[in-house]
Amino acid sequence: MAIPIPSRMLFIDGEWREPVNKKRITIINPSTEEIIGDIPAATAEDVDIAVNAARRALSRNKGRDWASASGAHRAKYLRAIAAKITERKSELAKLEAIDCGKPLDEAAWDMDDVAGCFEYYADLAEALDAKQKAPVSLPMQTFKCHILKEPIGVVGLITPWNYPLLMAAWKVAPALAAGCTAILKPSELASVTCLELAEACREVGLPPGVLNILTGLGPEAGAPLASHPHVDKIAFTGSTATGSKVMSAAAQTTKPVTLELGGKSPILVFDDVDLDKAAEWTLFGCFWTNGQICSATSRLLVQESIATEFVDRLVKWTKNIKISDPMEEGCRLGPVVSAGQYEKVMQFISTAKREGATILCGGDRPQHLKKGYFVEPTIITDVTTSMQIWREEVFGPVLSVKTFSTEDEAIELANNTHYGLGAAVLSEDLERCERVTKALEAGIVWVNCSQPCFCQAPWGGNKRSGFGRELGEWGLDNYLSLKQVTQYTSNEPWGWYPSPEKPKL
Ligand code: NDP
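(A) Layout of the nonpolar core. Counting 103 residues, the largest nonpolar core has Phe-118, Tyr-121, Leu-197, Leu-211, Val-269 and Phe-310 as the members making the most contacts within it. Counting contributing residues, this core receives three or more from each of domain 1 (10–261 + 465–486) and domain 2 (266–447). Beyond its immediate sequence surroundings of up to four residues, Phe-118 is in contact with Leu-78, Ile-81, Ala-82, Ala-169, Val-172, Ala-173 and Leu-197. Val-336, Val-383, Val-394 and Val-398 belong to the second largest nonpolar core, which has 31 residues in total.

Now the structure itself:
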């Protein structure tokens, strides 16, 4: 049954508003290639209106504005938003499945994570009240000092299409918990559920201007947000190329940025693993979310002694994956998000072939699916470290395989990349796992698994995968500014300058 896409406008200052230029962007279902609706296309003028609304919301009614309200007050709204998401979970999951091609079971899982993220940051907002005025011990008795944790101000949040509502939640929930007001710019390719987040905010009576949601094209809506002089911080998730542009734009007004960028993460499989368990995690690590995961462990390093048997098993498991319309029961791999992404992934595969790699399985459109941007889950061997497929992020269901003989060689191959987001090590020897974990250059290391993510633990990368950490208490710190308050407590004058009234005898 067709799911109607709600027709929405921009969400600014607590209201639905038409974009100034009245333009809209069509939405295409990546499984059917059909137009299924449209979203408003914001431009710089709309960004300006939204930023002004967010600034007013920060300090609207003296003493009762969002920034100076208690964490407990803000937490009530976050919990109400979580409840709305849970109430509409099934509908939101379907919308996400037809908007970006995510298998329905995954999308439903994401909705639980979205609600969980709002709940988690509601807890941290409440705890923030008790953490105010934390004392700092000083070496001089005549002074005392404490710290105030204050919201950074108006923040711009720019998100990608692979986890449309979840990536928004990772930023919106901590920003609002901290007392910031925000402008969210989701990806033009998957904005539908973010506009439903706006509806949830409206329904729970979130004060006007606290969260503004502007859909639109990156260069037309994202760029003016990143460079806006009255935005105090930018949090961005997306490609390394765009992240670099966002950082340059933010530098014009010296605003801080948090960047969660791309990756080319390794998975190291040692010869003492349980082959079936390791095979499943290896596939999950790369094909989950149709392979469109920043942290996908898409470079498999397998120990020589088990390589043939392990790769055979991977191929058998891969051929068993159900590829279908995401709405079909049991679907485990849907289409990639767009025609452009489909072309990009196919280009990667053909370049790999041209450069001499071997396609062990997949590499094409599935025979039974004539329409939609479907790519078979693909495993590639005979790969060298100089090949594009080994070096660059594909953002599609493509796993490249290399072998190693020693632990040192595995680590060297794993770290030989510009990226540093995730990594996984699979071995029954936990001492080895610990050694390897320490040696891996990555912000996240999974041991005997790949990809599980919890909103309590920090998330983010090193090198060209960006900097700063989202989630956990670190995610809240992203949106807080520390104010040092130092008080002189002595009854005696400071005594540095001689007093004109009391000349020294
Ligand atoms: P993009 O970098 O293309 O886009 C990310 C966001 O930036 C979108 O909202 C996009 O809008 C916007 N944007 C585009 N151009 C500009 C600009 N000049 N100024 C400001 N904003 C702009 O990434 P994708 O959406 O294609 O997402 C895929 C990438 O995201 C992958 O490389 C992946 O690794 C990374 N990613 C990283 C994650 C992490 O946690 N590290 C998590 C998820 C994804 P529009 O879409 O309208 O162009």
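(B) Broad picture of the site of the ligand. Of all residues adjacent to the ligand, which total 29 residues, the nearest are Thr-159, Lys-185, Ser-239, Leu-261 and Glu-393. One of the backbone N or O atoms of Leu-261 is found 2.7 Å from a nitrogen atom in the ligand. One of the side-chain nitrogen or oxygen atoms of Trp-459 is found 3.0 Å away from an oxygen atom of the ligand. Taking 890 Å² as the accessible area of the ligand by itself, protein coverage stands at 89%. Elements that contribute at least two residues to the shell around the ligand include exactly helix H7 (218–227), strand S10 (233–237) and helix H8 (240–251). Per element, the largest residue contribution to the shell around the ligand is three residues, and it comes from H7. Partitioning the shell around the ligand into residue classes produces 14 nonpolar, 11 polar and four charged.

(C) Quick peek at empty space enclosed by the protein. The tally for this structure, following the rule as stated, stands at three cavities of 30 Å³ or more. A volume near 70 Å³ is recorded for the largest cavity. Looking at the largest cavity, the residues that line it are Gly-263, Lys-264, Gly-291, Ile-293, Cys-294, Ala-296, Ser-298, Glu-393, Val-394, Phe-395, Gly-396 and Val-398. Among the residues forming the lining of the largest cavity, the class breakdown is six nonpolar, four polar and two charged. If you add up the space inside the second largest cavity, you get close to 60 Å³.

(D) Highlighting the sheet that holds strand S12 (residues 266–269). Pairing within the open sheet is mixed, and its seven strands lie in the order S14-S15-S16-S13-S12-S18-S19. The sheet is open, and its two edges are formed by strand S14 (358–361) and strand S19 (444–447), each paired on a single side. Averaged over all neighbouring strand pairs, the angle between strand axes comes to 25 degrees, with direction disregarded. Bridge analysis of S12 against strand S18 (residues 422–426) gives three bridges, and the strand direction is parallel. Of the residues in S18, the one forming a bridge with Ile-267 is Ala-424.

(E) Spatial organisation of the layout of surface pockets. Space inside the second largest pocket adds up to approximately 370 Å³. Along its surface, the second largest pocket is lined by 16 residues, and Glu-280, Leu-283, Phe-284, Ile-321 and Arg-332 are the ones closest to its centre. Elements with a minimum of two residues in the lining of the second largest pocket: helix H4 (104–131) and helix H9 (275–287). Per element, the largest residue contribution to the lining of the second largest pocket is four residues, and it comes from H9. Its residues assigned to classes, the lining of the second largest pocket shows 10 nonpolar, one polar and five charged. When residues of the lining of the second largest pocket are assigned to domains, at least three map to each of domain 1 (10–261 + 465–486) and domain 2 (266–447).

(F) Focus on the domain arrangement of the protein chain. Here the protein chain is partitioned into domain 1 (10–261 + 465–486) and domain 2 (266–447). Relative placement of domain 1 and domain 2: their C-alpha centres are 31 Å apart. Contacts between the two partners involve 24 residues from domain 1, matched on the other side by 28 residues from domain 2. Taken together, both faces of the contact between domain 1 and domain 2 bury some 2,300 Å²; the carbon and sulfur share is 58%. Applying the counting rule to domain 1 against domain 2 returns one salt bridge. Of the charged contacts in the structure, one is a salt bridge between Arg-332 and Asp-105, with a shortest N-O distance of 2.9 Å. Where domain 1 touches domain 2, the interface holds 11 residue pairs in polar contact (both at pLDDT 80 or more). Looking at the side of domain 1 that touches domain 2, the elements that each hand over two or more residues are helix H3 (89–100) and H4.

Thresholds, definitions, all that
- Residues numbered from 1 in each chain as written.
- Predicted model: local features only at pLDDT ≥ 70, side-chain atom pairs only at ≥ 80, totals over all residues.
- Heavy atoms only, no water.
- Core = buried A, V, L, I, M, F, W, Y, C linked by side-chain atoms within 4.5 Å.
- Buried < 20%, exposed > 50% of the residue type's maximum accessible area, 1.4 Å probe, protein only.
- Domains from an automatic or database assignment.
- Contact = heavy atoms within 4.5 Å.
- Near = heavy atom within 4 Å.
- Polar contact = N/O pair within 3.5 Å; in protein donor to acceptor, adjacent residues only side chain to side chain.
- Areas by Shrake-Rupley, 256 points an atom, 1.4 Å probe, with all protein chains shown as cover.
- Helix = DSSP H or I, 4+ residues; strand = E, 2+ residues; numbered from the N terminus.
- Nonpolar A, V, L, I, M, F, W, Y, C, P; charged D, E, K, R; others polar.
- 1 Å grid on protein atoms, 1.4 Å probe; cavity = no way out; pocket = protein on both sides within 12 Å on 5 of 7 lines; lining within 4 Å.
- Points joined across faces, edges and corners; volume = space filled by probe spheres on them.
- Pairing = 2+ DSSP bridges.
- Axes fitted to C-alpha atoms, helices over the stretch in contact; angles between N-to-C directions.
- Buried area = accessible area lost by both parts, 1.4 Å probe.
- Salt bridge = Lys/Arg side-chain N within 4 Å of Asp/Glu carboxyl O.

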